[in-house]
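Inside the fold
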Amino acid sequence: MTSALTQWSARFFLVLAGTALITSCSTAGQDNADAPGEATDAAGAACAPELAEIDFGIISTESQENLKVQWEPFLDAMEAEVGRPINGFYATDYAGVIEAMGAGKIQLAWYGGKSYIEAAARSDAEAFAQTVNVDGTKGYYSHLITNKDNPILENIDVEAGDGDQYVINNADDLTFAFNDPNSTSGFVVPSFYVFAKNGINPNEAFDELVFAGSHEATAQAIANNQVDVATNNSENMLKLEQGDPAAFENIQIIWTSPVIPSDPVAYRNDLPDCLKEEVKDFFLNYKDAAVLEPLGWQGFDPAGDADWDTIRELDLGQKMMEVQNDANLSPEAKQSQLDELNKQLEAL
């Protein structure tokens, strides 16, 4: 990938590597025009009859009530196309969707980048599509946000977006909220760019640090002056502006990240090939704007696992910096952990 995020990651790891040295399916047939909702295998038999229904996992970016309103029309459309019930699985946190796929309780899922790489590593997830924004782009941004009446704004240049520097320099006087530890924009990206790059451990830096659980929760915490600064993202800010304009008017963005690859959709990699093809065809050809726009998308593009290697790099970079800054580790233990993380990086 050639995003600004990827380019920075490459430069960062070259520097980090130097520091470490110093310190030490066949495709199934689908010719069934009379029954477009029934996939068949190569022999013409019905596809995967043992899967009478499909469970679709949805990460908890918002409350379950809001997510159901946005997702049920799409799931209904998929159900009509594939000819079997599609059940939405709305977990209370990101880990719930990862674990459900690993246990075989769900067959499909919408993930963020961080939750996807975790699911690919331990839950047999295989990305096949990537969301495309309403404006045709395939990326979004992480933000730091504060309340418009918070006096910290007197010391932040909003146009310059330098709120990250204020947060770094004044963390011990601030209350701060991340989203979820498996959130890309709500945890991994700000952890890397704001904290790891500057040698800051957020677990120790703030007067109070909380995990609010979702983008909706961090936005409401800021809108209601419950914390000084929180993470969020550009997609959720747009949804908040449309769904809760009063809350949106209370929020000020003070920092914006480099672009982040947009979200993956994945199935379990042991799903029958004929069903994989049917599901993939539905996603890549679905264009109903009335259903997609409330989700923030115009459609889906083909994608594969490697499209989220950038997120893997950021995740490893964050972990490396945490190890480097861990005063409780002996030099030997520190180097051992860095060597293991570098092996994972080299394998990408």
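Criteria and cut-off values
- Residues numbered from 1 in each chain as written.
- Predicted model: local features only at pLDDT ≥ 70, side-chain atom pairs only at ≥ 80, totals over all residues.
- Heavy atoms only, no water.
- Helix = DSSP H or I, 4+ residues; strand = E, 2+ residues; numbered from the N terminus.
- Buried < 20%, exposed > 50% of the residue type's maximum accessible area, 1.4 Å probe, protein only.
- Areas by Shrake-Rupley, 256 points an atom, 1.4 Å probe, with all protein chains shown as cover.
- Pairing = 2+ DSSP bridges.
- Phe/Tyr/Trp six-rings, centres within 6.5 Å; stacked < 30°, edge-to-face > 60°.
- Contact = heavy atoms within 4.5 Å.
- Axes fitted to C-alpha atoms, helices over the stretch in contact; angles between N-to-C directions.
- Core = buried A, V, L, I, M, F, W, Y, C linked by side-chain atoms within 4.5 Å.
- Disulfide = S-S within 2.5 Å.
- pLDDT = per-residue confidence, 0-100.

1. Let's talk about the overall build of the protein chain
- The helix and strand tally for the protein chain stands at 14 helices and 13 strands.
- Each of the 348 residues in the protein chain was classed as buried or not, and the buried ones make up 52%.
- Total accessible area on the protein chain stands at roughly 15300 Å², and carbon and sulfur atoms take up 48% of it.

2. Considerations on the pairing of strand 12 (residues 264-268)
- Counting buried positions along strand 12 gives five out of five residues, so the element sits mostly inside the fold.
- Summarising the sheet, strand 3 (residues 108-110) and strand 12 pair through three bridges and their orientation is antiparallel. Counterpart to Ala 109 in the pairing with strand 12 is Ala 266.
- Sheet topology places strand 4 (residues 125-133) next to strand 12; five bridges connect them, and they run antiparallel. The residue bridging Ala 125 from the neighbouring strand is Arg 268, located in strand 12.

3. Brief notes about the packing of aromatic side chains
- Tallied over the full model, the rule gives 27 aromatic pairs.
- Plain terms: the ring middles of Phe 74 and Tyr 286 are 5.4 Å apart, the flat faces sit at 85 degrees to each other, and that makes the pair edge-to-face. Taken together, the residues Phe 74 in helix 2 (residues 64-82) and Tyr 286 in the loop between helix 11 (273-285) and helix 12 (289-292) connect sequence positions 212 residues apart. Tyr 286 matches Phe 74 in its accessibility class, with the two residues each being buried.

4. What about the side chain of Thr 61?
- Residue placement: Thr 61 occurs in the loop between strand 1 (54-58) and helix 2.
- Other than its neighbours up to four places away in sequence, Thr 61 contacts Leu 67, Tyr 94, Trp 110, Ser 214, His 215, Glu 216 and Asn 236.

5. Details of the sheet that holds strand 12
- Read from one edge of the open sheet, six strands run 2-1-3-12-4-13, paired in mixed fashion. What marks the edges here is a single partner per strand, and that holds for strand 2 (86-90) and strand 13 (297-302). Ignoring strand direction, the axes of neighbouring strands in this sheet form an average angle of 25 degrees.
- In the packing of helix 3 (residues 94-102) onto the sheet, contacts are made with strand 1, strand 2, strand 3, strand 4 and strand 12, and the angle to strand 12 comes to roughly 30 degrees.

6. Some words on helix 5 (residues 163-170)
- Buried within helix 5 we find Gly 163, Asp 164, Tyr 166, Val 167 and Ile 168.
- In this structure, the buried residues of helix 5 make contact with strand 6 (142-147), strand 7 (175-178), helix 6 (184-195), strand 9 (229-233) and strand 10 (251-256).

7. Thoughts on the nonpolar core
- In this structure, Phe 56, Trp 71, Phe 74, Met 78, Tyr 111 and Phe 283 are the most contacted members of the largest nonpolar core, which totals 78 residues.
- When near neighbours in sequence (up to four residues on either side) are disregarded, Met 78 contacts Phe 56, Ile 86, Leu 108, Phe 282 and Phe 283.

8. Topic: the state of the cysteines
- Applying the stated criterion to the full structure yields one disulfide.
- Residue Cys 47 pairs covalently with Cys 274 via a disulfide, S to S 1.9 Å. Around the S-S axis, the bridge from Cys 47 to Cys 274 shows a dihedral of about 85 degrees and counts as right-handed. Of the two residues, Cys 47 is situated in the loop between helix 1 (4-22) and strand 1 and Cys 274 in helix 11; the sequence distance between them amounts to 227 residues.
- On the accessibility criterion, Cys 47 (3% relative accessible area) is buried.

9. Remarks on unusual backbone geometry
- Look at Ala 48: it is not a glycine, yet its phi comes out positive at around 45 degrees.
- Despite not being glycine, Asp 124 shows a phi value in the positive range, around 65 degrees.
- Structurally, Asp 124 is set in the loop between helix 4 (113-122) and strand 4.
- Take Asp 124: its relative accessible area is 34%, and that puts it in the partly exposed class.

10. Looking at the sheet that holds strand 10
- With mixed pairing, the five strands of this open sheet are ordered in space as 8-7-9-6-10. A strand with exactly one partner marks an edge of an open sheet, and here the two such strands are strand 8 (208-211) and strand 10. Ignoring strand direction, the axes of neighbouring strands in this sheet form an average angle of 30 degrees.
- Along the sheet face, helix 5 touches strand 6, strand 7, strand 9 and strand 10 and points at about 90 degrees away from the line of strand 10.
- Strands strand 6, strand 7, strand 9 and strand 10 of the sheet are contacted by helix 8 (residues 215-223), whose axis makes an angle of about 140 degrees with strand 9.

11. Some remarks on the confidence of the model for the protein chain
- The pLDDT averaged across the protein chain works out to 88; a share of 87% of its residues lies at or above 70.
- Contacts for the low-pLDDT stretch residues 1-37, under 50 throughout, to residues beyond four places or in other chains number 60 contacts.

12. Quick look at the environment of Leu 209
- For Leu 209, the location among the structural elements is in strand 8.
- When its relative accessible area of 24% is taken as the criterion, Leu 209 is described as partly exposed.
- Taking the C-alpha atoms as reference points, Leu 209 and Ala 171, 38 residues apart in sequence, are found 10.0 Å from one another.
- Ignoring any residue separated from it by four or fewer positions in sequence, one finds Leu 209 in contact with Phe 176, Phe 178, Pro 202 and Asn 203.

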